[in-house]
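Chain residues, written in single-letter form:
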Amino acid sequence: MRITYYVAASLDGYIADSQGGVGWLERVADGDEDYGYHAFFDGVDALVMGRATWDFVESAGGWPYGDLPARIFTHRPIEAPGDHVRAVSGDPGPVVEELEALACTHVWVVGGGALASAFLAAGLLTDAIVSVVPVVLGGGAPLFGPSPVPMGLELVDVASFPSGMVQVHYRAAPAPESA
């Protein structure tokens, strides 16, 4: 199973500003360019997200992901848009096993950095596709939270766009040896 952290980040490594906003993404908004999002999304058959991302998605006008199985990592109840969306907590391993039992083959870690780090620490994150936006925020929600394990990466692809955004696709590799 592939588990991909697909995310936009500022040049200094933040996925939201210090108030939790993502208005800075408008800097690269282009009605004619989707930056590969639709092709990526068409290949995803399940998703996981953290509570802050869930709250953001809900405040932005409701559930945009159709009937894809989704697991929301939270300790608080959610008002799910259907049976395909459930709240979960704890170790991501059992959640991945459950999604595999549903015949899911490609899971999108929608956000955020702490959840991506939990998947990383569990050895479950297979890919990271980061769209680097040409802006420096100086603080906010980090791309990754603290992780007890380092992650080695192999470059798969790089794409640049006229907006100045650069999208980098990495695949998990053995972590570098400590010196």
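Residues spaced three or four apart along an α-helix face the same direction, because each turn holds 3.6 residues. Among the residues of helix α2 (residues 51-59), those classed as buried are Arg51, Thr53, Trp54 and Val57. Mapping the buried residues of α2 onto a view down its axis gives an arc of 160°, with all of them on the same face. Residues Ala52 and Ser59 are exposed on α2 and point more than 90 degrees away from its buried face. Where α2 is buried, its residues contact β3 (46-50), β4 (70-73), β5 (85-88) and β6 (106-111). Immediately beyond the C-terminal end of α2, within one or two residues, lies Gly61, with a positive phi of roughly 120°.

Attention now moves to the environment of Pro148. Positionally, Pro148 belongs in the loop between β8 (141-142) and β9 (152-160). Distance from Pro148 to Arg76, taken between C-alpha atoms, is 25 Å for residues 72 residues apart in sequence.

For the rest of this paragraph, the subject is the packing of aromatic side chains. Any two aromatic rings considered together are summarised by their centre-to-centre distance and by the angle between their planes. Taken as a whole, this structure holds 14 aromatic pairs when the rule is applied. Summarising the aromatic geometry, the rings of Tyr6 and Trp108 are spaced 5.9 Å apart at their centres and angled 90° between planes, so their arrangement reads as edge-to-face. Placement of the pair is Tyr6 in strand β1 (residues 2-10) and Trp108 in strand β6, with a sequence separation of 102 residues. Judged by its relative accessible area of 10%, Tyr6 is buried. Owing to a relative accessible area of 5%, Trp108 belongs among the buried residues under this scheme. Ring centres of Tyr37 and Phe41 lie 5.7 Å apart, and the angle between their planes is 15°; on these two criteria the pair is classed as stacked. Here Phe41 and Tyr37 lie together in helix α1 (residues 37-42), a separation of four residues that amounts to about one turn. Overall, Tyr37 belongs to the partly exposed group, its relative accessible area being 25%. Residue classification places Phe41 among the buried residues on the basis of a relative accessible area of 19%. Taken together, the ring pairs connect Tyr6, Tyr37, Phe40, Phe41, Trp54, Trp63, Tyr65 and Trp108 into an aromatic cluster.

Conventions we followed
Residues numbered from 1 in each chain as written. Predicted model: local features only at pLDDT ≥ 70, side-chain atom pairs only at ≥ 80, totals over all residues. Heavy atoms only, no water. Buried < 20%, exposed > 50% of the residue type's maximum accessible area, 1.4 Å probe, protein only. Helix = DSSP H or I, 4+ residues; strand = E, 2+ residues; numbered from the N terminus. Arc of directions from axis to C-beta. Contact = heavy atoms within 4.5 Å. Phe/Tyr/Trp six-rings, centres within 6.5 Å; stacked < 30°, edge-to-face > 60°.

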